[in-house]
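Okay, here's what each chain looks like letter by letter:
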Amino acid sequence: MAGHEIPEPADRKQVADPVSELQAAEQSRDSCDPAFRHGVVVGFDGSTSSERALAYAIGMASRSGSGLIIVHVANRLPTTVWAGCEPPVFVDVPDHRTEVLGLELACADYLSEVPWILVERGGDICHELEEVGREYSADAIVVGSTHGIVGRIFGSVSGRLARRAQRPVIVIP
């Protein structure tokens, strides 16, 4: 029968609403503080090289009049290290260093010059720094260089980040 429509039941609920899902995704992506848009992202773990990178990033943010997004990436270890099982599954290791670093940064006088926030992430350092940079539309990512045999064997974070990042990466020696 042409032109005949079957009415939808009144109690039928729509399972997925693509418009609301798109709006929710945009809100979660844009949920970062707008005061830090186009700021400077800096990787920080408390090491000497990350302290030098932080000092440079503070000066850069101060000169440009932007905010500073300090990122601490918590470690993730494969469960194969512990259980010897296949395939490797990653487990978030509780990392209380972010709290300690946050307290140290909150007490630091040198951070009083610029607005700053501390962002904690878990996972691959390069990916997470680039992701935070994308979320905040950062003008640059500042990292310290890796010295030692671990960086030579596995590749340094700064080198991997410089090769794959979509924004300027500044490596501080």
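The rules behind each value
Residues numbered from 1 in each chain as written. Predicted model: local features only at pLDDT ≥ 70, side-chain atom pairs only at ≥ 80, totals over all residues. Heavy atoms only, no water. Salt bridge = Lys/Arg side-chain N within 4 Å of Asp/Glu carboxyl O. Helix = DSSP H or I, 4+ residues; strand = E, 2+ residues; numbered from the N terminus. Buried < 20%, exposed > 50% of the residue type's maximum accessible area, 1.4 Å probe, protein only. Pairing = 2+ DSSP bridges. Axes fitted to C-alpha atoms, helices over the stretch in contact; angles between N-to-C directions. Contact = heavy atoms within 4.5 Å. Polar contact = N/O pair within 3.5 Å; in protein donor to acceptor, adjacent residues only side chain to side chain. Right-handed = clockwise from strand over helix to strand, strands pointing away. pLDDT = per-residue confidence, 0-100.

Asker: How should the pattern of salt bridges be read in this particular structure?
Answerer: Pairs can form between side chains of opposite charge once their charged atoms are near each other. Inspection of every chain in the model, using the stated rule, returns six salt bridges. Among the salt bridges present, the one from Glu130 reaches Arg167, with a minimum N-O distance of 2.9 Å. Linking Glu130 in helix α5 (residues 125-135) with Arg167 in the loop between α7 (157-164) and β7 (169-172), this pair joins segments that are 37 residues apart in sequence. Assessed through its relative accessible area of 11%, Glu130 is described here as buried. According to the relative accessible area criterion, Arg167 is buried, its value standing at 18%.

Asker: Can you walk me through the sheet that holds strand β5 (residues 116-122) in this structure?
Answerer: The sheet built from five strands is open, its strands ordered β5-β2-β1-β6-β7 with parallel pairing. Strand pairing shows two members of the sheet lacking a second neighbour, β5 and β7, which therefore form its edges. Averaged over neighbouring strand pairs, the angle between their axes works out to 25° when direction is ignored. In this sheet, strand β2 (residues 68-74) lies alongside strand β1 (residues 40-43) in parallel orientation, the contact comprising four bridges. Its bridge partner lying in β2, Val40 is registered against Leu68.

Asker: Looking at this structure, I do not really get the environment of Ser49. What am I missing?
Answerer: With respect to the secondary-structure elements, Ser49 resides in helix α2 (residues 48-64). Classification of Ser49 by relative accessible area gives buried; the value is 14%. Put simply, Ser49 and Gly144 are 95 residues apart on the chain and 4.7 Å apart in space, counted from C-alpha to C-alpha. Apart from residues lying up to four places away in sequence, Ser49 is in contact with Gly144 and Ser145. Separated by 3.4 Å, the side chain of Ser49 and the backbone oxygen of Ser145 make a polar contact.

Asker: What should I look at first to understand α5 in this one?
Answerer: Every α-helix carries 3.6 residues per turn, so stepping three or four residues along brings you back to the same face. When we look at burial in α5, the residues that qualify are Cys126, Glu128, Leu129, Glu130, Val132, Gly133 and Glu135. A positive backbone phi angle near 50° is found at Ser137, which sits one or two residues after α5.

Asker: Can you help me understand the pairing of β1 in this one?
Answerer: Working note: regular strand, side chains alternate between the two faces of the sheet. Where burial is concerned, the two faces of β1 agree: the one with Val40 and Val42 and the one with Val41 and Gly43 are both buried. In this fold, the crossover linking β1 to β2 by way of α2 has right-handed handedness. The pairing of β1 with strand β6 (residues 140-144) spans three bridges and is parallel. Bridging from a neighbouring strand, Val40 pairs with Ala140 of β6.

Asker: Sorry, what's going on with the confidence of the model for the protein chain here?
Answerer: Note: predicted coordinates in regions of low pLDDT should not be interpreted at a detailed level. Across the protein chain, pLDDT averages 76, with 64% of residues at or above 70. Segment residues 24-30 is flagged for pLDDT under 50; beyond a separation of four residues in sequence, or across chains, it makes three contacts in the model.

Asker: Can you walk me through the side chain of Glu128 in this structure?
Answerer: Mapping Glu128 onto the fold places it in helix α5. Take Glu128: its relative accessible area is 11%, and that puts it in the buried class. Residue contacts for Glu128: discarding those within four places in its chain leaves Val73, Arg121, Gly122 and Gly123.

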